[in-house]
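# Geometric and topological summary
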Amino acid sequence: MTERSEQIMKRLSTFLLLSFIFIASCQQNDTSSIQINKDDLQLMFFSDENNVQNEINYYDALLELKKEFPHEISNMVIISSQAEEVNISINQYPALVMMYDNEIIAQVEGHISKDEIMNPIKEALEGNKE
């Protein structure tokens, strides 16, 4: 096996392990059962099962955010890109949307860096703690 192949295999195995841990720790709902709690933040991860390779930075960001905000991240719902009846405009998948009191307070979309995902979400989470 070449060095490049070994690197790809390591990244793939890490991705699969992180995906399993992450998904096992979150709630996966179909959109008909999504209940937004007005007293709490609601974090929603919009996943595209056909392009999971684009979600790696989101998993990394969420795992890091979960260290500081375990309750908020654990209450996240995962919504499939195939889901219907979602009243949130998503232009690119994957996407992460944070709502409070039926208003979007943070939203990131598309294939972006871990920091570009974390910064607005962390800001919104810290703002809610105060």
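Residues numbered from 1 in each chain as written. Predicted model: local features only at pLDDT ≥ 70, side-chain atom pairs only at ≥ 80, totals over all residues. Heavy atoms only, no water.

Along the polypeptide, glutamate 109 turns up in strand S5 (residues 103-109). As a buried residue without a salt bridge, glutamate 109 has its nearest oppositely charged side chain in lysine 114, at a separation of 22 Å. A distance of 3.0 Å separates a polar atom in the side chain of glutamate 109 from the backbone nitrogen of asparagine 91. Among the polar contacts listed, one links the side chain of glutamate 109 to the backbone nitrogen of glutamine 92, at a separation of 3.1 Å. Not counting residues up to four positions away in its chain, the partners in contact with glutamate 109 are Tyr58, Ser89, Ile90, Asn91, Gln92, Pro94 and Ala95. (Helix = DSSP H or I, 4+ residues; strand = E, 2+ residues; numbered from the N terminus. Buried < 20%, exposed > 50% of the residue type's maximum accessible area, 1.4 Å probe, protein only. Lys, Arg positive; Asp, Glu negative; His and termini not counted. Salt bridge = Lys/Arg side-chain N within 4 Å of Asp/Glu carboxyl O. Polar contact = N/O pair within 3.5 Å; in protein donor to acceptor, adjacent residues only side chain to side chain. Contact = heavy atoms within 4.5 Å.)

Throughout the structure, instances matching the rule amount to two aromatic pairs. For the ring pair phenylalanine 45 and tyrosine 58, a centre distance of 5.7 Å and an interplane angle of 45 degrees mean the geometry is tilted. One end of the pair, phenylalanine 45, is in strand S2 (residues 42-47); the other, tyrosine 58, is in helix H2 (residues 56-68), and 13 residues separate them in sequence. Here phenylalanine 45 and tyrosine 58 have matching classes, each one buried. Both rings, one in phenylalanine 45 and one in tyrosine 59, keep their centres 6.0 Å apart while their planes meet at 55 degrees; by these two values the pair is tilted. Residue phenylalanine 45 is found in strand S2, and its partner tyrosine 59 is found in helix H2; the two are separated by 14 residues along the sequence. Across this residue pair, the class does not change: phenylalanine 45 and tyrosine 59 are buried. Put simply, the rings of Phe45, Tyr58 and Tyr59 pair up and form one aromatic cluster. (Phe/Tyr/Trp six-rings, centres within 6.5 Å; stacked < 30°, edge-to-face > 60°.)

To continue, consider the confidence of the model for the protein chain. Taken residue by residue, the protein chain gives an average pLDDT of 78. The fraction at 70 or more is 69%. Within the protein chain, the lowest mean pLDDT, 46, falls on strand S1 (residues 27-28), and the highest, 93, falls on S5. (pLDDT = per-residue confidence, 0-100.)

Relative to the 18 Å expected for 13 residues at 1.5 Å per residue, H2 spans 19 Å between its end C-alpha atoms, a close match to the ideal helical length. For H2, the set of buried residues is Tyr58, Tyr59, Ala61, Leu62 and Leu65. Axial view of H2: buried residues confined to an arc of 165 degrees, hence all on one face. (Expected span 1.5 Å × (residues − 1). Arc of directions from axis to C-beta.)

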